[in-house]
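Residues per chain are reported as follows:
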Amino acid sequence: MEHGNSGFSKTGLDRLRDVLARHVESGKIPGLVALVSRGGETHVEAIGTMRHDGGAPMRRDTIFRMASTSKPVAVAAAMVLLDECRLRLDDPVDPWLPELANRQVLKRIDSPLDDTVPARRPITVRDLLTSTFGLGMDMTALGTPILGAIFEQGLTPNLPEPMPEPDEWMRRLGTLPLMHQPGEHWQYQISNDLLGVLVARVTGQSFETFLRERIFDPLGMKDTAFHVPADQIDRLPTLYAPDPQTGEFHVWDEAAGGRWSRPPAFPGGGGGLVSTADDYHAYFRMLLNGGMHGTERILSRPAVELMTTNRLTPEQQAARHAMAVNNVHVSFGQGQHGGWGMGMAVRTYRGDYAPIGQFGWDGGSGTSTYADPDNQLTGILLTQVGMTVPNAAQLIHDFWTTTYQAIDD
């Protein structure tokens, strides 16, 4: 393993394991599964336990709540429809999503909900794919009437009440004005959930069925879904949201009887998937291979290139970058990449150990999934500790630092 085509040094992999183990031994991270692969070599670590007070050990096939790392995977369904010309990038979405026709747009981000002007143009498929359709989670706008309305209407995940089924969710979304003109501003989250509704309406299948037939089954992603079946629920760890003041482990979601123990009313492309390290590895390796899985084509090469290269204008990118770097104290340093493709971040500047062009995303449940074309590298880190405290984010940063220092050509 020292040399050959592996591209990882034994010393580097030992350090990776030691650093991950240190986080678990600190008592702040109950358990984790980490996977790094490069060329033909895959290296996996499963450390710690399923619960913070012990329980079964973490295993390579432990199923995790992927949270926002659902975004880079769920977006593939829409890319299949582009490949087949069942969607076009610059077509208005109104025929499938009539709830979004004839939008009003707030005059200012903090305007009352009726202080609006008409949208300058319809919302397009491209706007949804690039997260620029005009609504989203903007943590710099907390306390504004529009963000209050988004929370009140149950339009985002992770509220105490689950999101309603897609048609009711669309009805509620349709009652709100946009925060920005279509195509103008990058905004997080809502567009990714909206894409799932769009896919279901275009195909006449449930979002999950279409994902399963076109992405999950062909890639062998047998443990990836919007819930965990009852006979597999013991593979799902307890999810914690530690208390920011005391660090005490509060249960965010229990496995048995919890939110992922049954099919959700709303299959959320923004954060609803459960999966494993190996399933995600298959997906990201397919992207690195330009859409191929073995001899089978999953996505066209141009579709993959669109997803995994920056789609934002310099102005949009500047706003996204400013939001990230001015909120590092809130996000514990996550989210700083500059660019955004379709469903995922794309690095446009070198700010840490990862090179320009690395693509992927992180999840608020303590997950991180990226691939790097330059180094033909995939890295996946999965934990059960939410980002209410910095521990999971610090672990993720250390995982990427040690993954990159282990590269040895």
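Here's a quick rundown of the structure. Residue numbers here run from 1 along each chain, matching the order of that chain's written sequence. Local features in this predicted model are restricted to residues of pLDDT 70 or higher, and side-chain atom pairs are both shown and tallied only at a pLDDT of 80 or more, whereas totals for entire chains, interfaces and linings draw on every residue. To obtain the side-chain values, all non-hydrogen atoms of the structure were included, while hydrogens and water were left out.

Let's talk about the sheet that holds strand S2 (residues 41-51)
- Pairing is antiparallel across the open sheet formed by 8 strands, whose spatial order is S3-S2-S1-S16-S15-S14-S13-S12. Of all strands in the sheet, those with a lone pairing partner are strand S3 (54-57) and strand S12 (338-340), marking the two edges. Strand-to-strand twist of the sheet, defined as the mean angle between neighbouring strand axes without regard to direction, takes the value 20°.
- Strands are treated as partners if at least two bridges between them are detected by DSSP. Helix and strand labels come from DSSP, where a helix needs a run of H or I of at least four residues and a strand needs a run of E of at least two; each type is numbered from the N terminus. Looking at chain direction, S12 and strand S13 (residues 345-347) are connected through 3 bridges and run antiparallel. Its bridge partner being in S13, Trp340 is matched across the sheet by Ala345.
- Throughout, a contact is declared for two residues whenever any of their heavy atoms are within 4.5 Å. Whenever a helix is involved, its axis is fitted only over the stretch in contact; in every case the axis is a line through C-alpha atoms, and angles between N-to-C directions fall within 0 to 180 degrees. Contacting strand S1 (31-38), strand S14 (359-363), strand S15 (367-372) and strand S16 (377-383), helix H12 (residues 391-405) crosses the sheet at an angle of about 155° to S16.

A word on the pairing of S15
- Burial here depends on accessible area, computed with a 1.4 Å probe over protein chains only, as a share of the maximum for the residue type. Under 20% is buried, over 50% is exposed, and the range in between is partly exposed. Of all 6 residues in S15, 6 are buried; the element is thus mostly enclosed.
- In S15, alternate side chains face the same way, and those of Thr367, Thr369 and Ala371 on one face and Ser368, Tyr370 and Asp372 on the other are all buried.
- Between the end of S14 and the start of S15, which pair antiparallel, lie 3 residues, with Gly366 showing a positive phi angle near 85°.
- Alignment of S15 against S16, held across 6 bridges, turns out to be antiparallel. Paired with Thr367 across the strands is Leu382, a residue of S16.
- The hairpin turn running from S15 into S16, its antiparallel successor, is 4 residues long, and Gln376 in that turn takes a positive phi close to 50°.

Thoughts on the packing of helix H1 (residues 10-25) against H12
- At a minimum axis distance of 8 Å, the contact between H1 and H12 shows a crossing angle of 170°. In terms of orientation, H1 lies roughly antiparallel with respect to H12. From H1, Gly12, Arg15, Leu16, Val19, Leu20 and His23 reach across to H12, where they touch Asn391, Gln394, Leu395, Asp398, Phe399, Thr402, Thr403 and Gln405. For classification purposes, angles smaller than 35 degrees are called roughly parallel, those larger than 145 roughly antiparallel, those between 65 and 115 roughly perpendicular, and all remaining angles oblique.

Some words on the environment of Val197
- Residue placement: Val197 occurs in helix H6 (residues 190-203).
- It is 14 Å that separates the C-alpha atoms of Val197 and Phe226, two residues lying 29 residues apart in sequence.
- If sequence neighbours within four positions are ignored, Val197 has contacts with Leu97, Pro166, Trp169, Met170 and Phe266.

Comments concerning the nonpolar core
- Within the largest apolar cluster, 112 residues are counted, with the highest numbers of intra-cluster contacts made by Leu129, Ile150, Trp169, Tyr283, Leu287 and Leu299.
- Apart from residues lying up to four places away in sequence, Leu129 is in contact with Val75, Ala78, Met79, Leu82, Leu89, Leu195, Gly341, Met342 and Gly343.
- For this analysis, a nonpolar core means a set of buried residues of the types Ala, Val, Leu, Ile, Met, Phe, Trp, Tyr and Cys, connected via side-chain atoms within 4.5 Å. Ranked by size, the runner-up nonpolar core spans 7 residues in total, among them Ile63, Val228, Ala255 and Val274.

Some thoughts on H1
- By definition here, a helix of n residues has an expected span of 1.5 Å times n minus one. Over its 16 residues, H1 extends 22 Å from the first C-alpha to the last, a length consistent with the 22 Å expected when each residue adds 1.5 Å.
- Taken residue by residue, H1 has Gly12, Leu13, Leu16, Val19, Leu20, Ala21, His23 and Val24 as its buried positions.
- Tucked into the core, H1 has its buried residues touching S1, S2, S16 and H12.
- A positive backbone phi angle near 85° is found at Gly27, which sits one or two residues after H1.

Some details on unusual backbone geometry
- The backbone of Cys85 shows a phi angle near 60°, a positive value even though the residue is not glycine.
- Within the secondary structure layout, Cys85 lies in the loop between helix H2 (71-83) and strand S5 (104-106).
- Of note in this structure, Phe332 is not a glycine but carries a positive phi near 55°.
- Structurally, Phe332 can be placed in the loop between helix H11 (328-331) and S12.
- A relative accessible area of 22% means that Phe332 is categorised as partly exposed.

A short note on the packing of aromatic side chains
- Aromatic pairing here means that ring centres of Phe, Tyr or Trp (its six-membered ring) are within 6.5 Å. Orientation follows from the plane angle: under 30 degrees is stacked, over 60 is edge-to-face, and everything else is tilted. Counted according to the given criterion, the structure contains 14 aromatic pairs.
- Plain terms: the ring middles of Tyr188 and Trp340 are 6.4 Å apart, the flat faces sit at 85° to each other, and that makes the pair edge-to-face. You can see Tyr188 sitting in the loop between helix H5 (166-174) and H6 and its partner Trp340 sitting in strand S12, a full 152 residues away along the chain.
- A residue is classified by how much of its surface remains accessible, and Tyr188, at 18% relative accessible area, is buried.
- Take Trp340: its relative accessible area is 0%, and that puts it in the buried class.
- Three or more aromatic residues joined by ring pairs form one cluster here, namely Trp186, Tyr188, Trp340 and Trp361.
- A cation over a ring is seen here: Arg320 above Trp186, with NZ or CZ 4.9 Å from the ring centre. Lysine and arginine charges are scored as sitting over a ring when NZ or CZ, respectively, is within 6 Å of the ring centre and within 35 degrees of the ring normal.

Thoughts on the pattern of salt bridges
- The term salt bridge refers to a pairing of a side-chain nitrogen on Lys or Arg with a carboxyl oxygen on Asp or Glu at a separation within 4 Å. Under the definition given, this model contains 24 salt bridges.
- Residue Arg120 is joined to Glu184 by a salt bridge in which the shortest nitrogen-to-oxygen separation is 2.6 Å. Of the two residues, Arg120 is situated in the loop between strand S6 (116-118) and helix H3 (125-129) and Glu184 in the loop between H5 and H6; the sequence distance between them amounts to 64 residues.
- With a relative accessible area of 62%, Arg120 lands in the exposed category.
- Arg171 serves as the salt-bridge partner of Glu168, at 2.9 Å between the closest nitrogen and oxygen. One end of the pair is Glu168 and the other is Arg171, both in helix H5 and 3 residues apart, which spans about a single turn.
- Three or more residues joined by partner-sharing salt bridges are found here, namely Arg59, Asp61, Asp223 and Arg235.

Remarks on the side chain of Glu45
- Mapped onto the elements, Glu45 comes out in strand S2.
- Overall, the relative accessible area of 9% leaves Glu45 in the buried class.
- Beyond its immediate sequence surroundings of up to four residues, Glu45 is in contact with Arg17, Leu20, Leu32, Val33 and Ala34.

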